[in-house]
Amino acid sequence: MNAPAIRRTEEGQLLVHQEEQPIAVSLRPCFPWSFPESFLSLRDKDGKEVLLIESLESLDSESRSALQDALAESRFTLEIHKIHSIERNFEMRIWKVDTNRGARTFEIRLDDWPRKLPGGGIAIVDLAGDLYTIQDQEQLDPTSRKLLFAYAD
Amino acid sequence: MSTRNHQRNLNLVKAYTDQPETLPPSVYSALEEVWGRSVSVQLYALADLNPQLQLSQTWICLGPTHLALVKMKPKGNEIDQVSQFPREQIKGVLEHFGLSCTTVTFAGADGEPNLGIIRFTHRQRQAVGAIIFVLRQSLTDSPFKVQELNADEEYAEALAQPIKSAQAAFSDTNRAVFWRLLGYLKPYKGQIILGFVAAFIMTALMMVPAFITGRLIDTVVTPFQDGEILWENAWKTAWLLLATLVTTQILRQFFLWIRLRWMAYIGEYIARDLRRDIYDHLHRLSVQYFSKMNTGSIISRVSSDSDRIWEFIAFGVTEASVSVLLIFSLTGMMMYLDWQLGLFVLLPLPIIFLLIYWNGKAMHGAFLRIWRKWSHLTSVISDTVPGIRVVKAFNQGDRERTRFGSSNNSYVDETFRIHNIWTSFWPLFILGIQMMQVAVWAFAIPRLIGGSPTGQPSMEIGVFVSFLLYLGLFFWPLETFAQISRMMNRSLSSAYRIFEVLDTEPEVVDKEDARKLDPVVGAIEFKDVIFGYDPVRQILKGVSFKVKPGEMIGLVGPSGAGKTTVINLIARFYDADSGEIRIDGHDIQDLDTGNYRSQLGMVMQDPYLFHGTILENIRYGQRDATVEQVIRASKAANAHDFICKLPQGYDTIVGERGHTLSGGERQRVSIARAILHDPKILILDEATSSVDTETERNIQEAIDRLTENRTVIAIAHRLSTLRKANRLFVMKEGYLVEEGTHEALLQKADGVYRKLYDMQRELHEAYAL
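On a predicted model such as this, the values are computed, not experimentally measured, just so you know. (Residues numbered from 1 in each chain as written. Chains lettered and ligands numbered in written order. Predicted model: local features only at pLDDT ≥ 70, side-chain atom pairs only at ≥ 80, totals over all residues. Heavy atoms only, no water.)

1. Details of the overall build of chain A
Part 1: When helices and strands are counted, chain A shows two helices and eleven strands.
Part 2: Over its C-alpha atoms chain A spans a radius of gyration of 19 Å, topping by over 25% the 15 Å that the globule rule assigns to 153 residues.
Part 3: Along the first, second and third principal axes, the C-alpha atoms of chain A reach 60 × 30 × 25 Å.
Part 4: Looking at chain A as a whole, 44% of its 153 residues are labelled buried.
Part 5: With an accessible surface of roughly 7,900 Å², chain A has 46% of that area assigned to carbon and sulfur atoms.
Part 6: The distance from the centre of the 19 positive side-chain charges to the centre of the 27 negative ones in chain A is 6 Å. (Helix = DSSP H or I, 4+ residues; strand = E, 2+ residues; numbered from the N terminus. Rg over C-alpha atoms; globule rule 2.2 N^0.38 Å. Buried < 20%, exposed > 50% of the residue type's maximum accessible area, 1.4 Å probe, protein only. Areas by Shrake-Rupley, 256 points an atom, 1.4 Å probe, with all protein chains shown as cover. Lys, Arg positive; Asp, Glu negative; His and termini not counted. Charge placed at Lys NZ, Arg CZ, Asp CG, Glu CD.)

2. Structural notes on the interface of chain B and chain A
Part 1: In this complex, chain B contributes 43 residues to the contact, which on the side of chain A involves 46 residues.
Part 2: Summed over both sides, the interface of chain B with chain A buries roughly 4,000 Å², with 54% coming from carbon and sulfur.
Part 3: On the chain B side of the contact with chain A, Tyr16(B), Leu99(B) and Arg372(B) bury the most area, a combined 17% of that side's loss.
Part 4: Taken together, chain B and chain A are joined by three salt bridges.
Part 5: Where Arg119(B) meets Glu73(A), a salt bridge forms, and the shortest distance between an N and an O atom there is 3.1 Å.
Part 6: For the side of chain B that touches chain A, the element with the most residues is helix H12 (residues 349-384) of chain B, which contributes seven residues. (Contact = heavy atoms within 4.5 Å. Buried area = accessible area lost by both parts, 1.4 Å probe. Salt bridge = Lys/Arg side-chain N within 4 Å of Asp/Glu carboxyl O.)

3. Considering the packing of aromatic side chains
Part 1: Across all of its chains, the model carries 33 aromatic pairs over all chains by this definition.
Part 2: Both rings, one in Tyr44(B) and one in Trp59(B), keep their centres 6.0 Å apart while their planes meet at 70°; by these two values the pair is edge-to-face. Of this pair, Tyr44(B) sits in strand E1 (residues 43-49) while Trp59(B) sits in strand E2 (residues 55-62), and the two are 15 residues apart along the sequence. As far as burial versus exposure is concerned, Tyr44(B) and Trp59(B) are alike and both buried.
Part 3: Feature note: the residues Trp95(A), Phe106(A), Trp113(A), Tyr132(A), Tyr151(A) and Trp371(B) constitute an aromatic cluster, connected by ring pairs.
Part 4: For the cation-ring pair, Arg180(B) lies above Phe499(B), with the distance from its terminal atom to the ring centre recorded as 4.0 Å.
Part 5: The ring of Phe149(A) has Arg369(B) lying over it, and the distance from NZ or CZ to the ring centre is 4.5 Å. (Phe/Tyr/Trp six-rings, centres within 6.5 Å; stacked < 30°, edge-to-face > 60°. Lys NZ or Arg CZ within 6 Å of the ring centre and 35° of its normal.)

4. A short note on the environment of Tyr757(B)
Residues and elements named next belong to chain B.
Part 1: Position of Tyr757 among the secondary structure elements: in helix H24 (residues 752-768).
Part 2: Tyr757 sits 581 residues away from Ala176 along the chain, and the two C-alpha atoms are 61 Å apart.
Part 3: When residues no more than four places from it in sequence are discounted, the contact partners of Tyr757 are Leu719, His742 and Leu746.

5. Details of the sheet that holds strand E10 (residues 122-125) of chain A
Within a sheet, each strand pairs with its neighbour through backbone hydrogen bonds, oriented either parallel or antiparallel.
All names here are of chain A.
Part 1: Spatially, E8-E7-E6-E11-E10-E9 is the arrangement adopted by the six strands of the open sheet, whose pairing is mixed. In this open sheet, the two strands that pair with only one neighbour each are strand E8 (102-109) and strand E9 (115-116).
Part 2: With four bridges connecting them, E10 and strand E11 (residues 131-134) associate as antiparallel partners. Looking at E11, one finds that Ala123 is bridged to Thr133. (Pairing = 2+ DSSP bridges.)

6. Quick look at the environment of Ala674(B)
Residue and element names in this part refer to chain B.
Part 1: Tracing the sequence through the fold places Ala674 in helix H21 (residues 663-677).
Part 2: As for Ala674 and Val521, which are separated by 153 residues in sequence, their C-alpha atoms are 17 Å apart.
Part 3: Beyond its immediate sequence surroundings of up to four residues, Ala674 is in contact with Val603, Pro679, Leu682 and Leu706.

7. Regarding the sheet that holds strand E12 (residues 586-587) of chain B
All names here are of chain B.
Part 1: The strand order across the open sheet formed by four strands is E9-E8-E11-E12, and the pairing between neighbours is antiparallel. Each end of this open sheet is capped by a strand with a single partner; those strands are strand E9 (540-547) and E12.
Part 2: Sheet topology note: the strand E8 (residues 524-531)/E9 ladder contains six bridges and is antiparallel. Opposite Ile530, over in E9, you have Lys541 as the bridge partner.
Part 3: Contacts between helix H16 (residues 563-570) and the sheet are confined to E8, E9 and strand E11 (578-583), with E8 contributing the most and set at about 115° to the helix. (Axes fitted to C-alpha atoms, helices over the stretch in contact; angles between N-to-C directions.)

8. Re helix H11 (residues 339-346) of chain B
Residues and elements named next belong to chain B.
Part 1: Turning to H11, its buried residues are Leu341, Gly342, Val345 and Leu346. For H11, the angular spread of the buried residues around the axis is 135°, confining them to a single face.
Part 2: Sitting at the amino-terminal end of H11 is Asp338, which places a side-chain oxygen 3.1 Å from the backbone nitrogen of Gln340. (Arc of directions from axis to C-beta. Polar contact = N/O pair within 3.5 Å; in protein donor to acceptor, adjacent residues only side chain to side chain.)

9. Focus: the packing of helix H7 (residues 231-284) of chain B against helix H10 (residues 304-337) of chain B
All names here are of chain B.
Part 1: Closest axis-to-axis distance for the H7/H10 pair is 8 Å, and the angle between their directions is 145°. Judged by the twist between their axes, the crossing of H7 over H10 is right-handed. Contact with H7, carried on its side by Arg259, Leu260, Met263, Ala264, Ile266, Gly267, Glu268, Ile270, Ala271, Leu274 and Arg275, involves Ser306, Ile309, Trp310, Ile313, Ala314, Phe315, Thr318, Glu319 and Val322 of H10 and no other residues of that element.
Part 2: When grouped by side-chain class, the residues that make up the contact of H7 with H10 number 13 nonpolar, three polar and four charged. (Left-handed = near helix turned anticlockwise from the far one by under 90°. Nonpolar A, V, L, I, M, F, W, Y, C, P; charged D, E, K, R; others polar.)

10. A look at the pattern of salt bridges
Part 1: Taken as a whole, this structure holds 33 salt bridges over all chains when the rule is applied.
Part 2: As a salt-bridge pair, Asp48(B) and Arg104(A) come within 3.2 Å of each other at their nearest N and O atoms. Of this pair, Asp48(B) sits in strand E1 while Arg104(A) is found in strand E8, placing the two residues in two different chains. Comparing Asp48(B) with Arg104(A) shows no difference in burial state: the two are buried.
Part 3: A salt bridge links Glu551(B) to Arg727(B); the shortest N-O distance between them is 2.7 Å. Linking Glu551(B) in the loop between E9 and strand E10 (552-556) with Arg727(B) in strand E18 (residues 727-732), this pair joins segments that are 176 residues apart in sequence.
Part 4: The exposure class of Arg727(B) is buried, given its relative accessible area of 16%.

Following this line, the structure appears as structure tokens:
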């Protein structure tokens, strides 16, 4: 069997060319935080695993870049660059922040705390389930750091 | 959906997200250009990520025939680009979920390019999900029956939903909630006036001792020492003043006693009234409410939230008014005694307030950190204690001890931070105040002894002493304010949670002239019933059937087919969205629910027994049943034997904290309860699914006796338990797809029932050996 070729269409659909018909697959990283670029599960529309890619290294360059593009989308989180305010409103905290994708207001539960990521940095989950990350707190401006003081070590 | 609820949703979207709370008017006008004036938007949602994954705005609008994607310009409300395609061209909707970004592709026919692709964050998922659901439904052979959906309401509800589930979302302002809470004081007007009058008199009396002390010095001690009055006269005045002092102190404690006692009483009354109101209201609410809320949160609203309100009423309200009064009286007294000195003391007041505020703020941040570490510490405990068998089995005790140890240490390190803050603040704060007293002395001395060697004193020593004593009282109300603001915050959020329950409207409401059926005969009819737990996802998509009185119906089908929903509707836990449910020919919505349910019996998969004796549990629906009747019912339920073997027989306490019965035993008690209740319509929901074969036979026998002479609707996964059913209804994906006897249904070669039956037989054969 030939090494599978992986392509990504313009609309962002991943295709696995293995034998005759290309199979449309979606990407499921097994360890999105601990090993972001290894063990990528490719699953068809019924959720069945078509391929488990242990490492991007094993692929040809075109397949690798197709997967990397797909990874960027699947690993997409909003990275916080600046914190304007964190306010308590009864059972929630309202965060007003600037992210690498634009300004955003979000809410977290009062007793929910940021989670430490295996690869460094912290992640915050809001009420709707969106993830916000801070790669390196030390890089934030003093005001943001001061606001963050209570929420992260 | 009520307009009140919608208004609340709009407020939430406005306050807590940074996106428009309705479809911008410019999008409507753009759609009018392509769809024409008369075309409506059935549903809409926002895709908030562009292909470069930057936050942006693209509106997805579902019309009757087309789906439009309206891209907005980065700033303002201008349209950048409108693309659209006919809904009939959509041959598939593919979703791909990432960590925070969902990508949805609208696929065209095979070989054709995709029609469109959108990306959005989880926040939009529910709103977009509704559109996807409708599109996917129209691809199946059971398209969504379009009801009157209000696009604005659906959109706002979808966005507000996560916020509402996190907090008692409530559109009222703090002030409105506060006044509403005070409304609960009304019935106790008399006691409250008494409490407040006592508090005020007490406060006024606090002014007296310091004043009298001053007078003692100025009218007795100093004049006598200066030889201005006689010894006898001095004593006369002194006695008088001392007597006043004693009376004042006694009166003051007396009024304090009245105040504390009455306010504590009133607090309890109000907490009781709130608890009663919530609990009564809970019983009026429909089952839907309880499926949405978790039990713990409902319990804490009735218990701990009402307790906090007691604290607030009993202490917060009076302490606050006493403190305000105290500050004014002290200021008044000091200005009256000596206005220059008074001003000298009052001017630094704002600085003191600021210091207290800053300190509070610094403490707040530190407290948050402590809270976080503490919750980590407790989570280690609550994680390992229930899992202790796993910890031991894998021999991970040491690791868990280390984990706890490090969490414990990091908590303690954090507490040092807060101890550092307050231990350095208070000595400094008190030093500041003492310095102020020294400054008052420094300011006063020239006036007490004269500004120069020949100057005359312009202030009496007694006045000055009174002044110093008042000054000592001054800092007490300041401290109280800081505490009360914290207490106030806590009780307001409790009040929010309580009022949220009280403001929830029951979904199933009886009509005013509701009909009582005495007795219910047991004919059930469904006419084109459509129902969904939320407006978009329909669970029943038009179900019709007729059940004759006394008939036993087996309800079968794969999970998610809508079987439980059918019985939920028969029990009127919910009302159908459209179509009709008729009991003995009467619309179920015209019936008196209480009277109807009293003739309805249910035996559930996991029967619930209340805390109490077995006797009480069997009699739950029939309080006046005789002991003979109870035993007869238990015998019929195959429960009598095992109950007699229990040391305390029918008097055994079961339920929470009581004797533990096995699943099968509990089931038989619940069947006895149903037999005694003698319902005309009986619902069996998976009554035998979680017991072993021997017990199942026992239960099956009991059920067979129970089902005689009544209308029975039984859900079962094991088809063998339905052998007594007169007819079987087979459900699939919200439809009634087959109906008939077991034999007749088996005749259909590729029928749904035949398939289920074959599968179970194979499984049985494969694993029976």
